[in-house]
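# Structural characterization, general
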Amino acid sequence: MQDAGRLPFSQACENNKDAILKVLQQELQEYTHVLEVGSGTGQHSAYFAPNLPHLQWQTSDVIDNHHIIKAWHNAYPTSNLYAPLTFDLRTDALPKSMTGKLYDAVFTANTLHIIAWSLVENLFKLAAEALPTNGKLIIYGPFNENGHYTSASNQSFDLSLRQRDPSSGIRNKEDIIILAKQHHLTLGNQYQMPANNQILIFKKIKRLRAEE
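The following refers to the structure shown. (Residues numbered from 1 in each chain as written. Predicted model: local features only at pLDDT ≥ 70, side-chain atom pairs only at ≥ 80, totals over all residues. Heavy atoms only, no water.)

## Observations concerning the sheet that holds strand 9 (residues 197-204)
- Taking strand neighbours across the sheet as the criterion, the seven strands line up as 3-2-1-4-5-9-8 in an open arrangement whose pairing is mixed. The open sheet has two edge strands, strand 3 (81-86) and strand 8 (185-193), and neither has a second partner. Each strand axis lies, on average, 20° off the axis of its neighbour in the sheet, ignoring direction.
- Bridge count for strand 4 (residues 105-109) against strand 5 (residues 136-141) is five bridges, and the pairing is parallel. Note that in strand 5 the partner of Thr108 across the bridge is Ile139.
- Against the sheet, helix 2 (residues 43-51) makes contact with strand 1 (33-37), strand 2 (56-61), strand 3 and strand 4, and its axis sits at roughly 175° relative to strand 2, the strand it touches most.
- Its contacts with the sheet place helix 3 (residues 66-75) against strand 2 and strand 3, and it is angled at close to 175° to strand 3. (Pairing = 2+ DSSP bridges. Helix = DSSP H or I, 4+ residues; strand = E, 2+ residues; numbered from the N terminus. Axes fitted to C-alpha atoms, helices over the stretch in contact; angles between N-to-C directions. Contact = heavy atoms within 4.5 Å.)

Next comes the structure, spelled out in structure tokens:
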């Protein structure tokens, strides 16, 4: 086991982990296998997996982040937590689980605002293709409401994102809902979270026979 005090650390992950966990415990009671897209430092996965023992938690990210994720997994090992799979929305198909089982949920935190809109579209497409009927896509992060920022801090954050990368930025919730519907994902529960963030729960609905 590694020295946890020397691990790469995200304060944001530390701050929001308990609030997110409460939602996941409620929303994933009857689910068994989750793919986390964009596992980042690995902090979330190392915390969520042991607190959701009925789930198999599969991490994924671009290859450059794997050593960080593995370091957290080594520091906090648990039997239902799986090493990261390589997944780059620019080039890759959705990775198959290391367990060989199908995912019935996809979770991602703080990703939609740091990637280009074309990659947001690809994420919804790939998740919808992988999920079974009633499968869930769970998204955590900041969102605009009716084209407006929900706080001054979100506005400042959005400006900093766009200065760094003009293709990034806080997304309008309405655009996300429209995109989801295009892939037979319907918005269910919504949760207001700390620091002007939200969790959106999308459920895969069965397509009409004429559309299949």
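## Let's talk about the side chain of Arg171
- For Arg171, the location among the structural elements is in strand 7 (residues 171-172).
- Of the side chains with opposite charge, Asp158 comes closest to the buried, unpaired Arg171, at an N-O distance of 7.3 Å.
- A polar contact is formed between the side chain of Arg171 and the backbone oxygen of Ser167, at a distance of 3.1 Å.
- The residues touching Arg171, leaving out its near neighbours within four places in the chain, are Leu112, His113, Ile115, Ala116, Trp117, Val120, Phe143, Asn144 and Ile176. (Buried < 20%, exposed > 50% of the residue type's maximum accessible area, 1.4 Å probe, protein only. Lys, Arg positive; Asp, Glu negative; His and termini not counted. Salt bridge = Lys/Arg side-chain N within 4 Å of Asp/Glu carboxyl O. Polar contact = N/O pair within 3.5 Å; in protein donor to acceptor, adjacent residues only side chain to side chain.)

## A short note on the pairing of strand 4
- Where burial is concerned, most of strand 4 is hidden: five out of the five residues are buried.
- The two faces of strand 4 match: Ala105, Phe107 and Ala109 on one face and Val106 and Thr108 on the other face are all buried.
- One ladder, built from four bridges, connects strand 1 with strand 4; its direction is parallel. Its bridge partner being in strand 4, Leu35 is matched across the sheet by Val106.
- In this fold, the crossover linking strand 4 to strand 5 by way of helix 4 (residues 117-130) has right-handed handedness. (Right-handed = clockwise from strand over helix to strand, strands pointing away.)

## Notes on the layout of surface pockets
- As a volume, the largest pocket reaches approximately 870 Å³.
- Lining the largest pocket are 35 residues, and of these Gly38, Ala109, Asn110, Thr111 and Ile114 lie nearest its centre.
- Taken together, the elements giving at least two residues each to the lining of the largest pocket come down to helix 1 (11-27), strand 1, strand 2, helix 4 and helix 5 (152-164).
- The greatest single-element share of the lining of the largest pocket, amounting to four residues, is contributed by helix 1.
- When the residues that make up the lining of the largest pocket are grouped by side-chain class, the tally is 16 nonpolar, 15 polar and four charged. (1 Å grid on protein atoms, 1.4 Å probe; cavity = no way out; pocket = protein on both sides within 12 Å on 5 of 7 lines; lining within 4 Å. Points joined across faces, edges and corners; volume = space filled by probe spheres on them. Nonpolar A, V, L, I, M, F, W, Y, C, P; charged D, E, K, R; others polar.)

## Thoughts on the packing of helix 4 against helix 6 (residues 173-182)
- For the pair helix 4 and helix 6, the least separation of the axes is 9 Å and the interaxial angle reads 40°. The pairing of helix 4 with helix 6 is recorded here as oblique in orientation. Helix 6 is crossed by helix 4, and the crossing has right-handed handedness. Between helix 4 and helix 6, the residues in contact are Trp117, Val120, Glu121 and Phe124 and Asp175, Ile176, Leu179 and Ala180, respectively.
- Residue classes in the contact of helix 4 with helix 6 are distributed as six nonpolar, no polar and two charged. (Parallel < 35°, antiparallel > 145°, perpendicular 65-115°, else oblique. Left-handed = near helix turned anticlockwise from the far one by under 90°.)

## What to know about the side chain of Thr59
- You can see Thr59 is positioned in strand 2.
- Residue Thr59 is classed as buried on the basis of its relative accessible area of 0%.
- Within the structure, the side chain of Thr59 is placed 2.7 Å from the backbone oxygen of Tyr82, a separation counted as a polar contact.
- Leave out the neighbours within four places in its chain, and Thr59 touches Glu36, Ser39, Ser45, Ile69, His73, Leu81, Tyr82, Ala83, Pro84 and Leu85.

## Some remarks on the nonpolar core
- One finds Leu112, Phe124, Leu137, Ile176, Leu185 and Phe202 to be the most contacted residues of the largest nonpolar core, which totals 28 residues.
- Contributions of two or more residues to this core are made by strand 1, helix 4, strand 5, helix 6 and strand 9.
- The biggest single contributor to this core is helix 4, with seven residues.
- Not counting the four nearest positions on each side in its chain, Ile176 is found in contact with Leu112, Trp117, Val120, Phe124, Phe143, Arg171, Leu200 and Phe202.
- One finds Val23, Ala49, Leu52 and Leu55 within the second-largest nonpolar core, a separate group that totals 22 residues. (Core = buried A, V, L, I, M, F, W, Y, C linked by side-chain atoms within 4.5 Å.)

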